Number of protein chains: 2
Amino acid sequence: MPRLLLLSNSMNPGDSYLNHSRKWISHFFGSGTKTIAFIPWAGVTLSYKDYCYKVRTALEPMGYRIVSVHEVPGPAALIHDSDAIAIGGGNTFKLLKMLQDHKLTEVIRNEVLVGKPFLGWSAGSNVAAPSIRTTNDMPIVQPQSFEALNLIPFQINPHYLDLQPELHMGETREQRLLEFVSENPAVYVTGLREGSALSIDGDKIELLGQNPVRIFKKGVNPHEVNPGESLSFLFG
Amino acid sequence: MPRLLLLSNSMNPGDSYLNHSRKWISHFFGSGTKTIAFIPWAGVTLSYKDYCYKVRTALEPMGYRIVSVHEVPGPAALIHDSDAIAIGGGNTFKLLKMLQDHKLTEVIRNEVLVGKPFLGWSAGSNVAAPSIRTTNDMPIVQPQSFEALNLIPFQINPHYLDLQPELHMGETREQRLLEFVSENPAVYVTGLREGSALSIDGDKIELLGQNPVRIFKKGVNPHEVNPGESLSFLFG
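Source: prediction; values computed, not measured.

Calculation notes
- Residues numbered from 1 in each chain as written.
- Chains lettered and ligands numbered in written order.
- Predicted model: local features only at pLDDT ≥ 70, side-chain atom pairs only at ≥ 80, totals over all residues.
- Heavy atoms only, no water.
- Salt bridge = Lys/Arg side-chain N within 4 Å of Asp/Glu carboxyl O.
- Helix = DSSP H or I, 4+ residues; strand = E, 2+ residues; numbered from the N terminus.
- Buried < 20%, exposed > 50% of the residue type's maximum accessible area, 1.4 Å probe, protein only.
- Arc of directions from axis to C-beta.
- Contact = heavy atoms within 4.5 Å.
- Least-squares fit on C-alpha atoms with pLDDT ≥ 70 in both.
- Buried area = accessible area lost by both parts, 1.4 Å probe.
- Polar contact = N/O pair within 3.5 Å; in protein donor to acceptor, adjacent residues only side chain to side chain.
- Nonpolar A, V, L, I, M, F, W, Y, C, P; charged D, E, K, R; others polar.
- Pairing = 2+ DSSP bridges.
- Axes fitted to C-alpha atoms, helices over the stretch in contact; angles between N-to-C directions.

The subject of this paragraph is the pattern of salt bridges. Evaluated as defined, the whole model comprises 20 salt bridges over all chains. The closest approach of N and O atoms between A:Glu71 and A:Arg56, which form a salt bridge, is 2.9 Å. Here A:Glu71 is found in the loop between β3 (65–68) and α3 (75–81), whereas its partner A:Arg56 is found in helix α2 (residues 48–59), with 15 residues between them in sequence. A:Glu71 sits in the partly exposed class, given a relative accessible area of 39%. Of the charged contacts, one joins B:Arg193 and B:Glu224 as a salt bridge, the two residues approaching to 2.8 Å between their closest N and O atoms.

Once that is clear, we can look at helix α5 (residues 105–113) of chain A. All names here are of chain A. Burial in α5 covers these residues: Thr105, Ile108, Glu111 and Val112. Down the axis of α5, the buried side of the element spans an arc of 140°, and every buried residue falls inside it. In this structure, the buried side of α5 is in contact with β2 (35–39), α3, β4 (84–87), α4 (92–101) and β5 (118–121). Gly115 lies just past α5 and shows a positive phi near 115°.

Superposing chain B onto chain A takes a rotation of 180° plus a shift of 0.0 Å along the axis, which leaves an RMSD of 0.0 Å. In the structure described here, the two chain copies are related by an operation that fits a two-fold rotation axis. Both copies contact each other with a shared surface, as 100% of the interface residues of chain B are interface residues in chain A too.

This part covers the interface of chain B and chain A. Often, the extent of an interface is quoted as the loss of accessible area on bringing the components together. Across the contact, 45 residues belong to chain B and 45 residues belong to chain A. Of the roughly 3,600 Å² buried between chain B and chain A, counting both surfaces, carbon and sulfur atoms make up 62%. Scanning the region where chain B abuts chain A turns up 6 residue pairs in polar contact (both at pLDDT 80 or more). Of all the secondary-structure elements, those providing two or more residues to the side of chain B that touches chain A are α4 (92–101), β6 (155–160) and α7 (173–183) of chain B. Of the residues forming the side of chain B that touches chain A, the biggest block, 8 residues, is contributed by α7(B). Partitioning the side of chain B that touches chain A into residue classes produces 18 nonpolar, 17 polar and 10 charged.

What follows concerns the sheet that holds strand β5 (residues 118–121) of chain B. All names here are of chain B. Within the open sheet, the 7 strands sit side by side as β3-β2-β4-β5-β1-β8-β9. Their pairing is mixed. Only two strands of the sheet have a single neighbouring strand rather than two, namely β3 (65–68) and β9 (204–208). Direction aside, the axes of adjacent strands within the sheet are offset by 20° on average. In the sheet, strand β8 (residues 197–201) pairs with β9 via 5 bridges, with the strands oriented antiparallel. Each bridged residue has a counterpart across the sheet, and for Ala197 the counterpart in β9 is Leu208. Sitting on the sheet, helix α2 (residues 48–59) touches β2 (35–39), β3 and β5, and the angle it makes with β3 is about 165°.

Residue and element names in this part refer to chain A. One open sheet accounts for 7 strands, arranged β3-β2-β4-β5-β1-β8-β9; its pairing is mixed. Each having just a single partner strand, β3 and β9 (204–208) make up the two edges of the open sheet. Neighbour to neighbour, the strand axes of the sheet diverge by 20° on average, direction disregarded. Note: β2 against β4, 4 bridges, orientation parallel. For Ala37, the partnering residue across the bridge sits in β4 and is Ile85. On top of the sheet, α5 reaches β2, β4 and β5; it is set at about 130° to β4, its chief contact.

Honestly, that's just the spatial picture; any functional story needs more than this.
Structure (structure tokens):
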């Protein structure tokens, strides 16, 4: 039964890295998690070393040991031997390409499906979905395919925002997601606003944070689901 | 010698479709263009028929006959027989997938390289570049590859904007393009603001509109080039 904590973003405005989600993370990992395998591959201009330092600074005071895939000769063994997996944000295309190039997608999927806790934020939440087709990121590199870890049966759109920048004539986020469901009619999308997260334990799913999540599906009017309300329809 | 008119956007706020670029378009096509082959495949929730109607409404009063690829049995023959090619905006991934699925990329490239005028806006400008790696669009469908028409040797980022929506913790456009040049160090990117266009005639290139274009390349500080200033460095 997979257990996932999927955050929209790594930090709230004016806050420190991962601070808004400290309580969620410690509750999610519980006492069984000591070593976390961290994947910094979504970083582009941020080096893996610097990225790992940021994450260590945030999570090691909480009692976890962070080991990054870029620090070991065998990423697959690290993922197998760790108590949990964490994938950080950045560029979703680069992240998925690296996971595919290192042949880690099946390794991670198999570990999570038998119960290893998975923490993702932003791009790391995108790749937990069946595909990266609802990422907001720029396709700066080409992965082998858009198919991702498929740990959950629905799509996530992190950093969901309602407003359109003034005088900008590109599509709104809602228009983009309506185009997605038009082309992919069988799939739900959750527009996860800043400061929100989804906590998943088997077929139980809970929305964390203050904001509602916006739901998109072909043939259904986009609508809001508030924290505390049921999201079990996402497991269809 | 390729001739291209590449617009950032199809309309300015409060204006009618393609109206801001009427003078540019009639100057670009000149008197030799009667029939324009139009490609509406970037449309997703907008039907090809409705898309074509919008474009006809804008361009037919200027004296052009618009024939869309969705209206004919043989798109390649239409492109070959028309005086010019126009590709409209929408979703760049869907557009490129359709061009690839219909095996039209080489057909269009060959026609443009021997002088057939090419008009693009938004997604239609994206696909004129070597790849779609600097699109802002959501990857709602997966093309066979990110390689595009390669009619110009540099990338375009249409709808370039400087501001970050308030309280949004995703990357700014500049951060995204700096990530692109970090991963693709040999390539220039032109951040083309709303209301701007690039007019290209062989190795001559001119920036149209009131706004400067923002230039990105690995190892070079992002900087502005104003209308009237030289952009010939983009041809290396």
